[in-house]
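What follows is each chain in one-letter form.
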Amino acid sequence: MKLFKKAVSIVLLLSVVFTLSACSGGRLKQDSVVKALENQDFEECDDYNEFSEIYGRMTKENAAYVKLTDKKAQKAYDKLFNRLNKYPSADVTDATCAFFYGKNGYGYVFLFKFEDENKAEKVYKKFVKSLNDADDGEEKSLIYTVSDSKKGTKHIVTNAYLEKTQLMIVYGSVKDTDILEDFTDELKLPSDF
């Protein structure tokens with residue numbers, strides 16, 4: 001009987017350990033971000049080229065995203081996010097990029113996974129350095145800077161989130177912040193709306 005109780009105790013202990021380790025993965029997960037985008041009616045692009053044709057095109061209603069790895073993820077960092085070379089060069093292994101445009105305004109989401117935590121932090125610091133009147137904070141392993149300023153009839157939303165090697169940028173110039181609020185709420189991310 002003692003042996004049986006000991007075996008059950010070990011099984012229970014291992015199940016608790018596995019459950020806790022599965023839950024501690026953080027909030028900036030590609031699958032969660034993709035689900036939140038799809039819940040906002042973003043359509044998935046097949047590849048980098050299809051997405052880059054949509055990105056920045058402000059001629060009709062668009063809401064699209066793409067998931068990229070390796071060289072394509074690096075290309076998205078270099079050519080879409082860092083096209084003006086404002087941020088440090090860095091090795092990117094995965095990327096999820098999204099863009100929307102419509103009567104409400106436009107915006108984008110970039111989620112990058114860097115090979116190195118220090119590089120991710122340098123890019124984050126460089127990005128948030130130019131933000132005025134932003135709120136900074138930290139929750140567990142998540143560091144964030146969020147800003148919602150008003151310019152005429154538009155909200156200029158600029159949020160940056162850093163979690164180890166993951167960096168997510170959420171930007172929007174919109175009349176109504178619902179699309180960005182719903183996105184960050186679904187991911188349980190801090191915001192300044």
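Refer to the structure printed above.
Conventions we followed
Here the residue numbers are simple positions, counted from 1 along each chain's written sequence. In keeping with the predicted nature of the model, local features appear solely for residues at pLDDT of at least 70, side-chain atom pairs appear and are counted solely at 80 or more, and the whole-chain, interface and lining totals rest on all residues. Only hydrogens and water are set aside when side-chain values are computed; all heavy atoms of the structure are taken into account. At least two DSSP bridges between two strands are required for those strands to pair. Secondary structure elements are taken from DSSP: a helix is a run of H or I of four residues or more, a strand is a run of E of two residues or more, and numbering for both begins at the N terminus. For this analysis, residues touch if any pair of their heavy atoms sits within 4.5 Å. Note on geometry: axes are C-alpha line fits, over the in-contact stretch for helices, and angles between N-to-C directions span 0 to 180 degrees. Throughout, the protein atoms alone are placed on a 1 Å grid, and a set of points is a cavity if a 1.4 Å probe fits but cannot get out or a pocket if it is open with protein on both sides within 12 Å along at least five of seven lines; lining residues have an atom within 4 Å of a point. Grid points are joined across faces, edges and corners, and a volume is the space filled by probe spheres set on the points. The residue classification treats Ala, Val, Leu, Ile, Met, Phe, Trp, Tyr, Cys and Pro as nonpolar and Asp, Glu, Lys and Arg as charged. All others, Gly included, are polar. Like-charged residues within 9 Å of one another, or nonpolar side chains (Val, Leu, Ile, Met, Phe, Trp, Tyr) within 5 Å, are grouped into patches, provided each residue has over 30% relative accessible area and no salt bridge. Only the protein chains shown count as cover for residues, and the accessible areas themselves come from Shrake-Rupley with a 1.4 Å probe. Salt bridge, as applied in this entry: a Lys or Arg side-chain nitrogen positioned within 4 Å of an Asp or Glu carboxyl oxygen. When charges are counted, Lys and Arg are positive and Asp and Glu negative, with His and the chain ends excluded. Positions of charges follow a simple convention, taking NZ of Lys, CZ of Arg, CG of Asp or CD of Glu. Relative accessibility decides the category of a residue: with a 1.4 Å probe and only protein chains considered, values under 20% of the type maximum give buried, values over 50% give exposed, and everything between is partly exposed.

## Some thoughts on the sheet that holds strand 1 (residues 43–44)
Turning to step 1, where the next piece is worked out: The strand order across the open sheet formed by 8 strands is 1-2-3-4-8-7-6-5, and the pairing between neighbours is mixed. Two strands bound the open sheet, and with one partner strand each, they are strand 1 and strand 5 (135–139).
Turning to step 2, where the next piece is worked out: Bridging between strand 4 (residues 105–114) and strand 8 (residues 166–174) involves 9 bridges; their strand directions are antiparallel. Residue pairing across strands places F112 opposite L167, the latter belonging to strand 8.
Turning to step 3, where the next piece is worked out: Lying on the sheet, helix 4 (residues 70–81) is in contact with strand 2 (62–69), strand 3 (92–102), strand 4 and strand 8; it crosses strand 3 at an angle near 50 degrees.

## Topic: empty space enclosed by the protein
Turning to step 1, where the next piece is worked out: Tallying each qualifying case throughout the model produces 1 cavity of 30 Å³ or more.
Turning to step 2, where the next piece is worked out: Size it by volume and the largest cavity reaches roughly 40 Å³.
Turning to step 3, where the next piece is worked out: In terms of lining residues, the largest cavity is bounded by L37, F42, F100, V109, I179, L180 and F183.
Turning to step 4, where the next piece is worked out: At 3 residues, the largest contribution of residues to the lining of the largest cavity is made by helix 6 (residues 178–186).
Turning to step 5, where the next piece is worked out: Across the lining of the largest cavity, the residue classes tally to 7 nonpolar, no polar and no charged.

## Observations regarding a negative patch on the surface
Turning to step 1, where the next piece is worked out: Together, E38, E44, D46, D47, E50 and E53 make up a region of like negative charge exposed at the surface.
Turning to step 2, where the next piece is worked out: Here D46 lies in the loop between strand 1 and helix 3 (48–54).
Turning to step 3, where the next piece is worked out: On the accessibility criterion, D46 (73% relative accessible area) is exposed.

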